[in-house]
Every structure is written in C-alpha cells, then in structure tokens.
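Fold and geometry: a report
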Amino acid sequence: MTDCLFCKIIAGDIPSTKVFEDDLIYVFKDINPKASVHILVIPKQHIARLDHANTEHADLLAHMMLSLPNLAKSQGLDDGFRTIINTGPGGGQEVDHLHIHILGGSHMPGFN
Ligand code: AMP
Ligand code: ZN
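Residues numbered from 1 in each chain as written. Chains lettered and ligands numbered in written order. Predicted model: local features only at pLDDT ≥ 70, side-chain atom pairs only at ≥ 80, totals over all residues. Heavy atoms only, no water.

The name an unreviewed UniProt entry assigns to the chain is HIT domain-containing protein, from the organism marine sediment metagenome.

Encoded structure:
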C-alpha cells in the first residue's frame, strides 16, 4: 500500500476533480488554486521528483510536456498559460510525486 497522496488520487482512494486521463497521465484540479485555472498533471507511474527521472522516463516526460497545450486549451486558456515544476525542498515541492502545475486565467499571481 503506497503512502503517496497522488498515487491514492490516481487509484481513486482519495477524491479529486478529474480533468483528463489516459494510459500515462492523470490530470486534476488543484485543491488550493493559485489562479482561476490551476490544474496538476501527474504521471500514473510514481516518480517522486523531476531529479529522480532518467532516460527510461523520456517518452513519458515528452508525453506530459506535449499534452500541456491541449490541457490548457481545454480549460479555456486560449491566450497562453504558465507551467511550474517544483523539485525538492529547495524548490518548494510539498507532494513527492512529480507534477506539473498549469496556471492561467484571471488572478494569476505575479512571478517576482
Ligand atoms: P507542490 O508544492 O509543487 O508540491 O504542489 C503540490 C500541490 O498539490 C499544491 O498546489 C496543493 O494545493 C496541491 N494538493 C495537495 N493536496 C491535494 C489534493 N488532495 N487534491 C488536489 N490538489 C492537492
Ligand atoms: Zn505517487
């Protein structure tokens, strides 16, 4: 039994507001949105953080990256969007399952 919050969300053991899923990724709304659109893109395979990924994950990471524009558009972000990957304590990562934040719309926080 995994202790990982996001693995539990993928398994359906913890509820989430799903936006999209396919064989490789699960996409859901952030529970504490920092902008009017704030979704998280996670691999179904548990990878704790970006610096734990290696070349074996290249196809998966490419799939995640290339899915971002369509996922953003599906949320009405036709003008563009922001992506964030926090890595480790130094990057402010709070959940140890790799995730890409997609943010956009109104109430976008400043970057600096
Ligand atoms: P990070 O700081 O990059 O690790 O981001 C973790 C994100 O996960 C934060 O934006 C949280 O609001 C979000 N989060 C934590 N628990 C949940 C949950 N149960 N459902 C959806 N999002 C969550
Ligand atoms: Zn996990």
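After that view of the structure, there is still more to cover.
Quick notes on the pairing of strand 1 (residues 18-21)
Quick note on the threshold: Strand pairing follows a simple DSSP-based rule, namely that at least 2 bridges must link the two strands. Numbering of helices and strands runs from the N terminus; a helix is a DSSP stretch of H or I covering at least four residues, while a strand is a stretch of E covering at least two.
Relative to strand 2 (residues 25-29), strand 1 runs antiparallel, the two sharing three bridges. Note on strand 2: the bridge partner recorded for Phe20 is Val27.

Describing helix 2 (residues 58-74)
Convention followed: Residue count minus one, scaled by 1.5 Å, sets the expected span of a helix. To obtain the bend at a residue, axes are fitted to the seven residues ending there and to the seven starting there, and the angle between these axes is taken. The classification of residues rests on relative accessible area computed with a 1.4 Å probe and restricted to protein chains. Under 20% of the type maximum is buried, over 50% is exposed, and intermediate values are partly exposed. For this analysis, residues touch if any pair of their heavy atoms sits within 4.5 Å.
Counted at 1.5 Å a residue, the expected span for helix 2 with its 17 residues is 24 Å, and the 25 Å between its end C-alpha atoms agrees. Along helix 2, the sharpest kink reaches roughly 40 degrees, centred on Leu68 and followed within four residues by the proline Pro69. Within helix 2, the full set of buried residues consists of Leu60, Met64, Ser67, Leu68, Leu71 and Ala72. The inward-facing, buried residues of helix 2 abut strand 1, strand 2, strand 3 (37-43), strand 4 (82-84) and strand 5 (100-104). Remark: Gly76 follows helix 2 within two positions and exhibits a positive phi of approximately 90 degrees.

What about the site of ligand 1?
This is how it is decided: One heavy atom within 4 Å of a molecule or strand is enough for the residue carrying it to be called near that molecule or strand. Contacts described as polar in this section are N or O atom pairs within 3.5 Å, which, within protein, must combine one atom able to donate a hydrogen with one able to accept it, while residues neighboring in sequence count only if both atoms come from side chains. Calculation of accessible area relied on Shrake-Rupley with a 1.4 Å probe; when residues are assessed, cover is drawn exclusively from the protein chains displayed. The residue classification treats Ala, Val, Leu, Ile, Met, Phe, Trp, Tyr, Cys and Pro as nonpolar and Asp, Glu, Lys and Arg as charged. All others, Gly included, are polar.
Asp30, Asn86, Glu94, His99 and His101 are the nearest of the 17 residues found near ligand 1. At 2.8 Å, a side-chain N or O of His99 approaches an oxygen atom of ligand 1. With the chains in place, 87% of the 500 Å² that ligand 1 exposes on its own is no longer accessible. Sorting the residues of the shell around ligand 1 by element identifies helix 1 (5-11) and strand 2 as the ones contributing at least two each. Per-element accounting of the shell around ligand 1 gives the leading share, three residues, to helix 1. Partitioned by chemical class, the residues of the shell around ligand 1 number seven nonpolar, six polar and four charged.

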